[in-house]
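Given next are the chains, with one letter for each unit.
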Amino acid sequence: MSEIEKEYSRRYREKHHDEILERARIFRSNNKGKIKKYSKKYYDKSKDKYSAYGKKYREEHKEQEKARLHKYFLENKDKVLSRNKKYTIENMEKVKARQKKYDIEHLKEKQEYRKKYNILHKEKRNKQIAEWQKTHKEQIRNNKREWRHTPRGRSLSLASDYERRARLKKTSDGSAEKWMAEKLLLEQQGQTFICEYCKKEFIMKGNRNFEHKIALDNGGPNIRSNLCISCPPCNNQKYLKSPAEWDEYRVKYLGHVLEEKPANGL
Ligand SMILES: [Zn+2]
């Protein structure tokens, strides 16, 4: 195109600006399918170029991209969430596999994060756990039972039984065994017992309901003054909590009332 032609064309466009736009608009609306097809064809042909360009741009503008995505998310929260949900449902297997891969690759980080989160949100977390335990008793029992039947579960529980017995022996002074034997005798005679913690009456089942106030696993000794009788729900929920942690927990989440301790502290 010569300079004169270019100039002519420029003037023409200037003069007929609106008319050209209108014509283009009509053309577009009359040829929607064709344009779409052509665009797609062109995009497919240049896909690599576009995605490389996009990737490079995103890498060079990380902060802006993050802010932009966040802004978009805030403005379109419902849309984004429902789109994500739909995607997850439609691609369940893919999502699960990806999640699993990510979990394996980021195990340490996730554990660290969870640990930090649990410390920061201790109250919320404890409340959630207490609620969950209350509504999933059957499931917890089944899971435990199943776990003990897996090879790992079996060997771990055998090992911990062994360790437990060793620890019991090492820290005993005889007072615990004597006291437990008395209680077991009473149990056999049909006596019911009162739980040390919730004060409810219950029927003992062998030596499972003897409770070490300071858990053996935490270095508590197997002596009379470290022992009490507690019902299965209390026993399960106390688990490895220290006496102070357990008192705090049960007052807050189980509605227990702490009794006044006698002056000698026993
Ligand atoms: Zn109890």
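Residues numbered from 1 in each chain as written. Predicted model: local features only at pLDDT ≥ 70, side-chain atom pairs only at ≥ 80, totals over all residues.

1. Examining the overall build of the protein
Put simply, the test is: The secondary structure listing takes helices from DSSP runs of H or I that are at least 4 residues long and strands from runs of E that are at least 2 residues long, numbered from the N terminus. Here, residues touch in the contact sense if the C-beta positions derived from the backbone fall within 7 Å of one another.
Along the protein, the regular secondary structure elements total 14 helices and four strands. With respect to the three principal axes, the spread of C-alpha positions in the protein is 115 × 40 × 35 Å. Counting only contacts in the protein whose residues sit at least 6 apart along the sequence, the fraction spanning at least 24 positions is 51%.

2. Brief notes about helix α11 (residues 151-171)
In an α-helix there are 3.6 residues to a turn, and that puts residues three or four apart on one side. Quick note on the threshold: To estimate the expected span of a helix, subtract one from its residue number and multiply by 1.5 Å. Buried means a residue has 20 or more other C-beta atoms within 10 Å of its own C-beta, exposed means 12 or fewer, and partly exposed covers the counts in between; C-beta atoms are placed from the backbone.
Between its terminal C-alpha atoms α11 stretches 30 Å, which fits the 30 Å expected from 21 residues at 1.5 Å a residue. Taken across its 21 residues, α11 has zero buried, putting it largely on the surface.

3. Topic: helix α2 (residues 17-30)
For α2, with 14 residues, the first-to-last C-alpha span of 20 Å sits near the 20 Å given by 1.5 Å per residue. Taken across its 14 residues, α2 has zero buried, putting it largely on the surface.

4. Some words on the environment of M204
Secondary-structure assignment places M204 in the loop between β2 (201-202) and β3 (210-212). Spatially, the C-alpha atom of M204 lies 8.7 Å from that of I229, the residues being 25 residues apart in sequence. Leave out the neighbours within four places in its chain, and M204 touches E187, F193, N209 and I229.

5. Regarding the domain arrangement of the protein
Quick note on the threshold: Where a domain begins and ends is set by an automatic assignment or by a domain database.
You can read the domains of the protein as domain 1 (134-171) and domain 2 (173-266). Taking only C-alpha atoms into account, the centre of domain 1 sits 19 Å from that of domain 2.

6. Overview of unusual backbone geometry
A positive phi angle, close to 65°, is found at K199, a residue other than glycine. Turning to its location among the elements, K199 is positioned in the loop between β1 (193-194) and β2. The phi torsion at Y239 lies on the positive side, around 45°, for a residue other than glycine.

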